[in-house]
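Given next are the chains, with one letter for each unit.
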Amino acid sequence: MEASNLRNQGAGTVQTLVSNAKYPQVVMPECQVPKSLKGQRALVTGASSGIGKAVATALGQAGADVVVNYIGGEAAAEEVAAAISEAGVRALAIQADVSQESQVKAMFAGMLKEFGTIDILVNNAGLQKDAPLEDMTLAQWNTVIGVNLTGQFLCAREAVREFKRRGVVKEISVSAGKIICMSSVHETIPWTGHVNYAASKGGVMLMMKSIAQEVAPYRIRVNSICPGAIRTPINTNAWSTPEAYEVLMTLIPYKRIGEPDDIGRVAVFLASDQSDYINGASIFVDGGMTLYPGFATGG
Ligand code: NAD
């Protein structure tokens, strides 16, 4: 299969901030992105930074035309779109708040007008509003549920409507459409001080599986990626100093933080026919964070 080089952040280099000499050096993978999405049209929400940016870039490198959704910061979104189009595909930045029904509808209308249809939705937009339970405001609760859960529902509903209307075009893909939900290890790991976030991701898990069950007969696949700790703006406090990084490593058996490209590669796979028989699955991409690392020394 034809392949292009994925511009991995730090590919082939030693990841920094690892101080424990008893473990082997961390060398980042040099990976190829297969051109497995030629002719497909993808929408990635929250794609102007972090994981969404890496996913949108990887989908473009795999041959898909990409809509880069963003809520604010037009310049950053336009920059991502311009970089994607260097791969020889079309890329378009569209502003929308995914928690607002009218804006989601307008975004899909804009995508259909420009690209004709949609083959891949990546429900990535998400945020945190952290507080101990007794201090958490209803606004903090509603904002997180509104973006992380309701936003994914609104986008999935629009995508499924178009997938079912259009059906399978076998020259493009053997399925009528793919939805990838960006969940988290916190769809299963409880998280003190983040009950709104953990509830939203737990909700994403059963929303994803229920939608998958409902639309599978129409040859629509719905899966989740569950990242562990990935180096992005959402969790800067957890990796930006050597001390914080060391504490983080106690939670990660593989002894490195994840990079956005770790998620981009999995998204390409889940969006392609290579994963055609994977449906309703939560794929954990977490360096083993869900392996109960606290039990590594006994228990
Ligand atoms: P990020 O803050 O860089 O990305 C989140 C993006 O969503 C931003 O671009 C933001 O502008 C956008 N966004 C927020 N509200 C929006 C709205 N209402 N409408 C449209 N876009 C909106 O952080 P990230 O780490 O790249 O997060 C991406 C996804 O990955 C999130 O769903 C997050 O919960 C999930 N995740 C991240 C990690 C991690 O360690 N970084 C771990 C597990 C899950």
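As the structure is a computational prediction, the values presented were derived from the model and not from experiment.

## Observations regarding the overall build of the protein chain
Phase 1: In terms of helices and strands, the protein chain carries seven helices and nine strands.
Phase 2: Radius of gyration (C-alpha) of the protein chain: 19 Å, near the 19 Å computed for a compact globule of 299 residues.
Phase 3: Here the protein chain holds 299 residues, and 45% of them are scored as buried.
Phase 4: When contacts within the protein chain are restricted to residue pairs at least 6 apart in sequence, long-range pairs at least 24 apart make up 72% of them.

## Points about the site of the ligand
Phase 1: Close to the ligand lie 27 residues; Gly46, Gly50, Ala125, Gly126 and Ile234 are nearest.
Phase 2: Those elements that place two or more of their residues in the shell around the ligand are helix H1 (50-61) and helix H4 (138-166).
Phase 3: With three residues, H1 is the largest single contributor of residues to the shell around the ligand.
Phase 4: For the shell around the ligand, the class distribution of residues is twelve nonpolar, 14 polar and one charged.

## Comments concerning the confidence of the model for the protein chain
Phase 1: For the protein chain, per-residue confidence averages 94 on the pLDDT scale, and 94% of positions sit at 70 or higher.
Phase 2: Confidence drops under a pLDDT of 50 for residues 1-8, and excluding neighbours within four residues, the segment shows 24 contacts in the predicted structure.

## Considerations on the pairing of strand S8 (residues 220-227)
Phase 1: The element S8 is extensively covered by neighbouring structure, given that eight of its eight residues are classed as buried.
Phase 2: Side-chain alternation along S8 places Ile220, Val222, Ser224 and Cys226 on one buried face and Arg221, Asn223, Ile225 and Pro227 on a second face that is also buried.
Phase 3: Bridge count for strand S7 (residues 177-182) against S8 is six bridges, and the pairing is parallel. When the bridges of S8 are listed, Gly177 appears paired with Ile220.
Phase 4: Taken together, S7, helix H5 (residues 195-215) and S8 constitute a β-α-β crossover, and its handedness is right-handed.

## So, the sheet that holds strand S5 (residues 91-95)
Phase 1: Taken together, the seven strands give an open sheet; going across it, the order is S5-S4-S3-S6-S7-S8-S9, and neighbouring strands pair in parallel fashion. Edge positions in the open sheet fall to S5 and strand S9 (282-285), since each of these has one partner strand only. Pairwise comparison of adjacent strand axes, ignoring direction, gives a mean angle of 20° for this sheet.
Phase 2: This element, helix H3 (residues 101-115), spans strand S3 (41-44), strand S4 (65-70) and S5 of the sheet and lies at about 160° to S5.
Phase 3: Packed onto the sheet, helix H7 (residues 260-271) meets S3, strand S6 (120-123), S7, S8 and S9 and runs at close to 165° relative to S8.

## Here we look at the pairing of S6
Phase 1: Side chains Ile120 and Val122 project from S6 onto one buried face, and the interleaved Leu121 and Asn123 project onto a second face that is buried too.
Phase 2: Bridging between S3 and S6 involves three bridges; their strand directions are parallel. Considered in S6, the bridge of Leu43 is made with Leu121.
Phase 3: By the bridge criterion, four bridges tie S6 to S7 in an arrangement that is parallel. If you follow Val122 over to S7, its bridge partner there is Ile180.
Phase 4: Running through H4, the crossover from S6 to the neighbouring parallel element S7 is right-handed.

Reading the values: the criteria
- Every chain begins its residue count from 1, and numbering advances along the sequence as written.
- Given that the model is predicted, a residue must reach a pLDDT of at least 70 before its local features are reported, and side-chain atom pairs must reach 80 or more before they are shown or counted; all residues, however, enter totals for whole chains, interfaces and linings.
- Strands are runs of DSSP state E lasting at least two residues, helices are runs of H or I lasting at least four, and both sets are numbered from the N terminus onward.
- Each radius of gyration is computed over the set of C-alpha atoms, and the globule rule expresses the reference value as 2.2 Å times the number of residues to the power 0.38.
- Three exposure classes are used. Buried residues have 20 or more other C-beta atoms within 10 Å of their own C-beta, exposed residues have 12 or fewer, and partly exposed residues fall in between, all C-beta atoms being placed from the backbone.
- Distance between backbone-placed C-beta atoms decides contact: two residues are in contact if it is within 7 Å.
- Throughout this description, a residue near a molecule or strand is one whose C-beta atom, derived from the backbone, lies within 6 Å of it.
- Gly is put with the polar residues, along with every residue not named as nonpolar or charged; the nonpolar set is Ala, Val, Leu, Ile, Met, Phe, Trp, Tyr, Cys and Pro, and the charged set is Asp, Glu, Lys and Arg.
- The pLDDT value tells you how sure the predictor is about a given residue, anywhere from 0 up to 100.
- Here, any two strands with at least 2 DSSP bridges between them count as paired.
- A clockwise path from the first strand over the helix to the second, with the strands pointing away from the viewer, defines a right-handed crossover.
- Axis definition: a line fit to C-alpha positions, over the contact stretch in the case of helices; interaxial angles, taken between N-to-C directions, run 0 to 180 degrees.

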